[in-house]
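Summary of structural features
Chain by chain, the residues run as shown.
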Amino acid sequence: MKNIVLVGFMGCGKSTVGKKLAQKLKRKFIDTDALIEEKTRKRIKDIFKRIGETAFRQAETEVIKEIEDFDNVVIACGGGAVLRNRNVKSLKKNGIIIYLKADPSILFNRVKHTNKRPLLNTRHPEEQFYKIFSKRAEIYENIADIIVEAEEELDKVVEKILSFQISQ
Ligand code: S3P
């Protein structure tokens, strides 16, 4: 069976929804950020701080390449994984891409109190958030096989995804 790949902006619930979905479908759950942390033995925010975004993106591409031939798993990607075409190609190789879509103001409210998002570690995080969102929104829409509104409770989002009966 094809993998289910969750994409979307920071705060859309990829990891939480992915974990729950995997449980319900009795599939293995993979979080690309967690794999990067395991592989590099560093926290994402430290990778950004010490070696920068380009090195992080490289590690992200390597991890995504490593899992491209997996089968029957649920994958939650970091929000920027879709920025490189080769990542998208790997994710689509054996995966159905689901975009968890939500209004940016809802997403910003979800992430504004955490310090886990290195891209928002600037003097004007809100401005930065909207700026990145506007660059990315189109990419998510374009690469998605399925778009799921993700503004409600995450349990409901899981139910919605299950209702698609993805079973190829
Ligand atoms: C990023 C999102 C993060 C993480 C990294 C970069 C991005 O993951 O991969 O901080 O570029 O949007 P989440 O989407 O899980 O926050």
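Residues numbered from 1 in each chain as written. Predicted model: local features only at pLDDT ≥ 70, side-chain atom pairs only at ≥ 80, totals over all residues. Heavy atoms only, no water.

**Quick notes on the overall build of the protein**
- For the protein, the count of helices and strands is eight helices and five strands.
- Each helix and strand of the protein, ordered N terminal to C terminal, gives the series β-α-β-α-α-α-β-α-β-α-α-β-α.
- For 168 residues, the compact-globule estimate of 2.2 N^0.38 gives 15 Å, and the C-alpha radius of gyration of the protein, at 15 Å, lies within 12% of that figure.
- Projected onto its principal axes, the C-alpha positions of the protein cover 45 × 30 × 25 Å.
- Counting across all 168 residues of the protein, residues that qualify as buried make up 48%. (Helix = DSSP H or I, 4+ residues; strand = E, 2+ residues; numbered from the N terminus. Rg over C-alpha atoms; globule rule 2.2 N^0.38 Å. Buried < 20%, exposed > 50% of the residue type's maximum accessible area, 1.4 Å probe, protein only.)

**A closer look at the pairing of strand β4 (residues 95-101)**
- Taking burial as the measure, the seven residues of β4 include six buried ones, the bulk of the element.
- Pairing of β4 with strand β5 (residues 146-149), which is carried by four bridges, proceeds in the parallel orientation. Bridge pairing links Y99 to I147 in β5. (Pairing = 2+ DSSP bridges.)

**Things to note about the nonpolar core**
- Counting residues in hydrophobic clusters, the biggest one holds 53 residues, and the most contacted among them are V7, F9, I98, L100, F129 and I161.
- Once you skip the residues sitting within four places of it in the chain, I161 turns out to touch L6, V17, L21, I98, L100, V148 and I166. (Core = buried A, V, L, I, M, F, W, Y, C linked by side-chain atoms within 4.5 Å. Contact = heavy atoms within 4.5 Å.)

**Some points on a positive patch on the surface**
- Taken together, the side chains of K42, K45, K49 and R50 make up a positively charged region of the molecular surface.
- Relative to the assigned elements, K49 resides in helix α3 (residues 44-50). (Patch = residues over 30% accessible without salt bridge, like charges linked within 9 Å, V, L, I, M, F, W, Y side chains within 5 Å. Areas by Shrake-Rupley, 256 points an atom, 1.4 Å probe, with all protein chains shown as cover. Salt bridge = Lys/Arg side-chain N within 4 Å of Asp/Glu carboxyl O. Lys, Arg positive; Asp, Glu negative; His and termini not counted. Charge placed at Lys NZ, Arg CZ, Asp CG, Glu CD.)

**As for the site of the ligand**
- Around the ligand sit 14 residues, and of these K14, D33, R57, G79 and R136 come closest.
- A distance of 2.9 Å separates an oxygen atom of the ligand from a polar side-chain atom of R117.
- For the ligand, whose free accessible area comes to 380 Å², the fraction covered by protein is 93%.
- Split by residue class, the shell around the ligand holds six nonpolar, three polar and five charged. (Near = heavy atom within 4 Å. Polar contact = N/O pair within 3.5 Å; in protein donor to acceptor, adjacent residues only side chain to side chain. Nonpolar A, V, L, I, M, F, W, Y, C, P; charged D, E, K, R; others polar.)

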